[in-house]
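Chain by chain, the residues run as shown.
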Amino acid sequence: MTDPAEDDMLGSVFAEARRENQTPSDALMARIMADAAAELPRRAGVAGDPSAAGRTGIASTIWALLGGWAGAGGLAAATVAGLWIGVAPPAGLTDLAAGVLGETITVALVPDDDLLGVDG
């Protein structure tokens, strides 16, 4: 449990902070707006990438639609995870599939006894 004296002290600190004027000065706002105006030409490129400014074409459009490196990284991670789950599914997923779809069926892609077909 907390001490009521500490709660009162914290409440008084918050009350004092609410009483103070929290609006930024005009000089600060002018500097912020000047920095933003200077940054706009740099950020005019594809997906916010300053080095991509002036690039056009289908590849840069697709890259922008993916979200740049962040989107492509997430897409690659999801692809690898899906491949991993598809190749080596966890036991719980196999049991769930059997429960939903019925019994499982195993199909042999190669014969077990004679892989090369040399034994007659």
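Residues numbered from 1 in each chain as written. Predicted model: local features only at pLDDT ≥ 70, side-chain atom pairs only at ≥ 80, totals over all residues. Heavy atoms only, no water.

J.: How would you explain the overall build of the protein if you had to name every residue and give the values?
T.: Counting its regular elements, the protein contains five helices and zero strands. Along the chain direction, N to C, the helices and strands of the protein fall in the order α-α-α-α-α. For the protein, with 120 residues in total, the buried portion stands at 6%. Carbon together with sulfur atoms contributes 66% to the accessible area of the protein, which is approximately 10,300 Å² in total. (Helix = DSSP H or I, 4+ residues; strand = E, 2+ residues; numbered from the N terminus. Buried < 20%, exposed > 50% of the residue type's maximum accessible area, 1.4 Å probe, protein only. Areas by Shrake-Rupley, 256 points an atom, 1.4 Å probe, with all protein chains shown as cover.)

J.: So what's going on with the confidence of the model for the protein? Residues and values would help.
T.: On average, residues of the protein carry a pLDDT of 78, and 77% of them reach 70 or more. Here helix H5 (residues 91-101) is the element of the protein with the lowest mean pLDDT, 74, and helix H2 (residues 26-39) is the one with the highest, 92. (pLDDT = per-residue confidence, 0-100.)

J.: Describe a nonpolar patch on the surface, with residues and values.
T.: A cluster of nonpolar side chains, namely Ile58, Ile62, Trp63, Leu66, Trp69 and Leu75, defines an oily patch on the protein surface of about 670 Å² accessible area. Looking at the nonpolar patch, the elements that each hand over two or more residues are helix H3 (58-66) and helix H4 (68-87). Sort the elements by how many residues they give to the nonpolar patch and H3 lands first, with four residues. Here Leu75 is to be found in helix H4. (Patch = residues over 30% accessible without salt bridge, like charges linked within 9 Å, V, L, I, M, F, W, Y side chains within 5 Å. Salt bridge = Lys/Arg side-chain N within 4 Å of Asp/Glu carboxyl O.)

J.: Please set out a negative patch on the surface residue by residue, giving values where relevant.
T.: Together, Asp3, Glu6, Asp7 and Asp8 make up a region of like negative charge exposed at the surface. We classify Asp3 as partly exposed; its relative accessible area is 39%. (Lys, Arg positive; Asp, Glu negative; His and termini not counted. Charge placed at Lys NZ, Arg CZ, Asp CG, Glu CD.)

J.: Quick one: what's the story with the packing of aromatic side chains, residue by residue and with numbers?
T.: Note on aromatic pairs: each is described by the distance of the centres and the angle between the planes. Applying the stated criterion to the full structure yields one aromatic pair. Taking the centre distance of 4.9 Å and the plane angle of 80° together, the rings of Trp63 and Trp69 count as edge-to-face. (Phe/Tyr/Trp six-rings, centres within 6.5 Å; stacked < 30°, edge-to-face > 60°.)

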